[in-house]
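The primary structure of each chain is shown beneath.
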Amino acid sequence: MDILISDNWLKDFLKTEATTEKLVKSLSLSGPSVEQVEKIKDDHVYHIEVTTNRVDTASVYGIAREAAAILPGYGILAKLAPLKTKSKQSFSPRVKYLDVKIDPKLCQRFTAILIKDVKIKPSPEYIKKRLVAVGERPINNIVDISNYVMHEIGQPVHTFDYDKIQGAKMNLRASKKGEKLTTLDGKTHELPGNDIVIEDGDGKLIDLAGIMGGKNSAVDSKTKNVLLFVQTYNPVNIRKTYMKLAQRTEAAILFEKGLDSELVTLGIKRGIDLFVELTEGKPEKSILDIYPQTYKAKKITIELSFIETRLGIQLTKKVISKYLNLLGFETAWKGNKLEALVPSFRSGDVFLAEDILEEVARLYGYHNLPSEIMTGQIPSLLPNTSFKFEENIKNLLSGWGGIEVYTLSMVSEKDIKPGALKVKNPLGKDTSYMRTSLRPSFIRAAKDNAGEKDPFHIFEIANIYPPRKNMLPDEKMMLAGVFVNTTYRKAKGVIEALLEKLNTKIKFVVEDGEGFSASKRITLKAGSKIIGQLGTLDVGPIYYEFDINNLKEASTETASYVPIPKYPAQIEDLTLIFPPKTKVGDVINSLETVHDNLARAELRDTYKDTFTFRLWYQHPERTLENSEVETIREKVVKEVKEKFGARTKN
Amino acid sequence: MQKDTIKTNKFTSVLLDVKNEALAQIVDASSIKELEELKIAYLGRNGKLTNLIKNIQNLPDNEKRQAGTLINESKNTVLDALSTQKNTYKETARDWFNASIPGEKPSVGHLHLVTQAIREITETFEKIGFVKVRYPEVEWDWYAFEALNIPENHPARDDWETFFIDTPTHPKNGSMVLTPHTSNGQVREMLRVKKPPIRMLNIAKNYRRQSDVSHYPMFHQFEGLVVDEGISITHLKGTLDYFARNFFGEDRVTRLRPHHFQFTEPSFEVDISCGVCKGKGCKLCKEGWLELGGAGMVHPTVLRNGKIDPNKYTGFAFGWGVERTYMMKAGLDIGDIRLLYSTDLKFLKQF
């Protein structure tokens, strides 16, 4: 949370010679981070980021306490001037002026005091100025006191018009779902249930506790008697209520962090002092204080060696104690064992030896610790990963003009197979399911680039999330892509080249498939295992996809070596005319097995049903005679004639 | 007398023959190279015309002058013819070739920025023994939160920050979520390795319920986890400084500031010295420093959840945004981060 602190106000409690610059730097390096310093008239305002565990520093007093502990480490004298209160009121579990019942699970400590005959008027200038500096609008002395105490010590304070509380009775309880309450700002809320509320003697709700008071019990211009009200509430209830009602007040933000119930003592006394000073009101003799479980300081034990091994340096016991004492911890060494008593304002974030270590380390200064890479054994690599394989594919495809994309893993309902994982709280309908195929994302990508006239190829390697019963989905890494404005042969050529460079032995089988145009799709198989598909989609572009793991299994990391033939091949082109609709892929497959000495057959040219093949005749141990080549050629022609009805051109 | 005249006449006719022969060959020459050769053949140190000049001294004195004039004329004629012919070749007769024409590029592909970033980050950490791993993106609440000491009521577990999957709750592992950070790999890695040393590098997709110019619901983080005997804050600093020097530049250093995360204790915010002002302070940075991300010493509860004895082993972890870290390095200012995850070719082709 970000808070504003007035320098002028801070100096009420922080006695130091530190310049603004030094203060900012030391605080940021060893404590809360000062994000910005704003200069206003005769004051500076610090914008400070307080981490959620350190709500004790979310106030002027809290920052003063931190600074007083941190600055000496930077060689700057600093002292905390404790906040002293004048109020002599005593604390009592029962008072005559108010009858209260609480649910101790919702409220750890409940205090209140009646202050009679208040005079409502504007606050003195210094109060107004400080409130403005920290972003509050001064209203009148009563409202200003609440805000002032909250910013000064970090304890929210509330005031009721005492005379509006029917029967001087309060019952603090959990709300029931559907109960209604109108807050000070005039908003009427239908409560979600389990909110902390207070009802008066008439059973009417007068406070949305910890968040905002009820309108029906608010102090107004005619108010004579005020009930000053300081509590500690259960942070979880507060958080749930303000999130559900979207009623995020400063008080709620403090309460949801879990406040120190001991702080209530200071809060109510400081409030009484200000009421006396600013409103001439007359407080009762006793403060109502319902405090079922009083605070008992925790003791944490920590070994000297524990601190040293985790910091990587040696520190004396004296230095360690000094740091902790500055931060309000009481310390005692027993041999090399340190016992530290946690002050109440740190009870919400210090539990373990590690927490004590952190306090010592930050006061020593993280920036003062040495910097060294660990030695020790290097762990062994994860076996069988596909990381390198994937990177290789990305290099190859982008080398041939492919453009890599990253698309969102969530898609709309029409883009998934039944049973796909549904997101319970999606950002929109279009992104409410975990995708089970990359295809819809690529169809969209092609469409989004419809204006592009040149050929393009985009691809991605990403997970799909097929569901499994009672288990996490079977996250599968897939390679997919589309070719747009590209011929089928060119697109297929890129995939063929990829499969060749990955050293795979993959069969292409022409088979129809869902979403693909009839006869325009091939299945890619390694043995009998389907590893991918390629084809022209009904919607236009040429799409392909592979299961990365299957593809990896079908490939070998290094290419195999074939001895270089000693004798040259005889190469010739052979033109054949086929009946219409002959699958030329099958012809080539068949040519490759016609004769041992027909080493290679490639398609060179096509014209309608006429195909020209280039044939390599080769014998591993000698040069083939012309007559031998002729024999093989005759066999080829015979084969294609018998199998495919082809005839030679001449 | 007559003899001399004959001599002179003969000289003149030889000279004319040589000149005409030269001119004829010059006209026939088909290249500049050939012309250069002709120049040597006639006017070189042993050239035909040069040799005639040498012969002048054998002529009678009264004719030497006339012969000298003649030979000079012939020499000039041949030189003229050579240059004229040479220019002709330069301008026209030579094969026209336009070397200034732009090349024909092969179609140029593009790796995505995130891939480039992940590669550089991976390379940097693999050199100091980090092991790259891959863990689920769709994850159990246990690994994403509970095992990381993030209590049930923590804001990170609210359904306005984290995506939940609509499935029945698992009796042991809780709800199914889209992991909002790479830290889900921490306990998984501990359980996989069983016995430290651990030096894990987990780079993965993460998801959070945010979408604006600086957030996309899907993004990437890289997570480092080191667990061994005697691991201290010093080692964390050493590792981060190593990364800063090797990834960002030799003169860059990091610094730690106090922060708070549930799964580390102590926790730090990591800053890197500004590359523009070199730490002096400028418009781009805060007093010479830029925020990199969070880090910390692994919380003993997390170690215990990974079945590792926190009394014997300690560790540190850090987890930062891939996109942000890379943009800081490259000095890229992409106004709307969502562009990274668009399929706009005009954007993708720039990298």
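For clarity, every value in this text was computed on a predicted model and none was experimentally measured.

All names here are of chain B. Closest axis-to-axis distance for the helix H8 (residues 233-248)/helix H10 (residues 322-330) pair is 10 Å, and the angle between their directions is 55°. By the criterion of interaxial angle, the relationship of H8 to H10 is oblique. Side by side, H8 and H10 meet where Phe-243, Phe-247 and Phe-248 of the first sit next to Thr-325, Tyr-326, Met-328 and Lys-329 of the second.

Here we take up the confidence of the model for chain B. Residues and elements named next belong to chain B. For chain B, mean pLDDT is 89; residues scoring 70 or higher make up 96% of the total. When mean pLDDT is compared element by element in chain B, strand S4 (residues 198-207) scores highest at 98, while helix H1 (residues 2-28) scores lowest at 76. With a pTM of 0.84, the predicted complex shows an ipTM of 0.88.

With that settled, the discussion passes to the domain arrangement of chain B. Looking at the assigned domains, one finds that chain B contains domain 1 (8-96) and domain 2 (113-348). Computed over C-alpha atoms only, the centres of domain 1 of chain B and domain 2 of chain B are separated by 85 Å.

The next point concerns the sheet that holds strand S34 (residues 647-648) of chain A. All names here are of chain A. Read across the open sheet, the four strands follow the order S32-S33-S31-S34; overall the sheet is antiparallel. Looking at which strands have only one partner, the edges of the open sheet turn out to be strand S32 (598-607) and S34. Sheet topology note: the S32/strand S33 (residues 610-617) ladder contains eight bridges and is antiparallel. If you follow Thr-606 over to S33, its bridge partner there is Phe-611. The sheet contacts of helix H17 (residues 626-644) involve strand S31 (570-577), S32, S33 and S34, and relative to S31 the element is tilted by about 25°.

To continue, consider helix H12 (residues 387-399) of chain A. Residue and element names in this part refer to chain A. Over its 13 residues, H12 extends 18 Å from the first C-alpha to the last, a length consistent with the 18 Å expected when each residue adds 1.5 Å. Residues of H12 that are buried: Phe-387, Phe-389, Glu-390, Ile-393, Lys-394, Leu-396, Leu-397 and Ser-398. Just downstream of H12, Gly-401 is the residue with a positive phi angle, here 100°.

Any pair of aromatic rings gets described here by the distance separating the centres and the angle formed by the planes. Residue and element names in this part refer to chain A. In total, this model carries 30 aromatic pairs over all chains according to the counting rule given. An angle of 50° between the planes, with centres 6.5 Å apart, marks the rings of Phe-442 and Tyr-543 as tilted. A residue pair is termed long-range when its members are at least 10 positions apart, and Phe-442 in helix H13 (residues 439-448) and Tyr-543 in strand S30 (residues 542-547) qualify at 101 residues. For the pair Phe-442 and Tyr-543, one class covers both residues: buried. We note Arg-65 situated over the ring of Phe-345; from NZ or CZ to the ring centre the distance is 3.6 Å. Positioned above the aromatic ring of Phe-516 is the side chain of Arg-521, whose terminal nitrogen or guanidinium carbon lies 5.5 Å from the ring centre.

Attention now moves to the sheet that holds strand S25 (residues 456-464) of chain A. Residue and element names in this part refer to chain A. Taken together, seven strands build an open sheet; the order of strands is S22-S25-S26-S30-S29-S28-S27 and the sheet is mixed. Of all strands in the sheet, those with a lone pairing partner are strand S22 (403-404) and strand S27 (507-510), marking the two edges. For S27 and strand S28 (residues 516-526), the ladder comprises four bridges, and the chain directions are antiparallel. Note on S28: the bridge partner recorded for Val-509 is Thr-523. Contacts from H12 reach S22, S25, strand S26 (476-484) and S30 within the one sheet, and its direction differs from that of S25 by about 165°. Running at roughly 20° to S30, helix H14 (residues 488-501) makes contact with S25, S26, S27, S28, strand S29 (529-537) and S30 of the sheet.

Turning our eyes to something else, we now look at the interface of chain B and chain A. Contacts between chain B and chain A engage 87 residues on the former and 85 residues on the latter. On the chain B side of the contact with chain A, B:Arg134, B:Thr343 and B:Leu345 bury the most area, a combined 9% of that side's loss. The interface formed by chain B and chain A contains four salt bridges. The residue A:Glu452 makes a salt bridge to B:Lys349 at a minimum N-O spacing of 4.0 Å. Taken together, the links from chain B to chain A amount to 39 residue pairs in polar contact (both at pLDDT 80 or more). Sort the elements by how many residues they give to the side of chain B that touches chain A and H8(B) lands first, with eight residues. Of the residues belonging to the side of chain B that touches chain A, the class tally is 40 nonpolar, 24 polar and 23 charged.

About the thresholds
Position numbers for residues count from 1 along each chain, tracking the sequence in the order it is written. Chains carry letters and ligands carry numbers; both start at the beginning, A for chains and 1 for ligands, and go up in the order they are written. Note on the predicted model: pLDDT of at least 70 is required for a residue's local features to be given, and 80 or more for side-chain atom pairs to be given and counted; whole-chain, interface and lining totals, by contrast, use all residues. The side-chain values count all of the structure's non-hydrogen atoms but skip hydrogen atoms and water molecules. Convention adopted: a line fitted to C-alpha atoms gives each axis, helices being fitted over their contacting stretch, and angles between N-to-C directions are expressed from 0 to 180 degrees. Segments assigned H or I by DSSP are reported as helices when at least four residues long, segments assigned E as strands when at least two residues long, and all are numbered from the N terminus. Reported orientations rely on four angle classes, namely roughly parallel under 35 degrees, roughly antiparallel over 145, roughly perpendicular from 65 to 115, and oblique for the rest. Here a residue-residue contact requires only that any non-hydrogen atoms of the pair lie within 4.5 Å. pLDDT expresses how confident the predictor is about each individual residue, on a scale running from 0 to 100. The domain limits used here are those given by an automatic or database domain assignment. A pair of strands is considered paired only if DSSP assigns at least 2 bridges between the two. Here, expected helix span is obtained from the residue count minus one, scaled by 1.5 Å. The classification of residues rests on relative accessible area computed with a 1.4 Å probe and restricted to protein chains. Under 20% of the type maximum is buried, over 50% is exposed, and intermediate values are partly exposed. Aromatic rings from Phe, Tyr and Trp, taking only the six-membered ring of Trp, are treated as a pair when their centres fall within 6.5 Å; an angle between ring planes under 30 degrees marks them as stacked, one over 60 as edge-to-face, and anything in between as tilted. We call a charge positioned above a ring when the Lys NZ or Arg CZ atom is no farther than 6 Å from the ring centre and deviates by at most 35 degrees from the ring normal. Accessible area that two parts lose when put together, evaluated with a 1.4 Å probe and summed over both, is termed the buried area. Each salt bridge in this description consists of a side-chain nitrogen of Lys or Arg and a carboxyl oxygen of Asp or Glu lying within 4 Å of one another. Any pair of N or O atoms that falls within 3.5 Å is considered a polar contact. Within protein, one atom must be able to donate a hydrogen and the other to accept it, and sequence-neighbouring residues count only if both atoms are side-chain atoms. Amino acids are sorted into nonpolar (Ala, Val, Leu, Ile, Met, Phe, Trp, Tyr, Cys and Pro), charged (Asp, Glu, Lys and Arg) and polar (every other residue, Gly among them).

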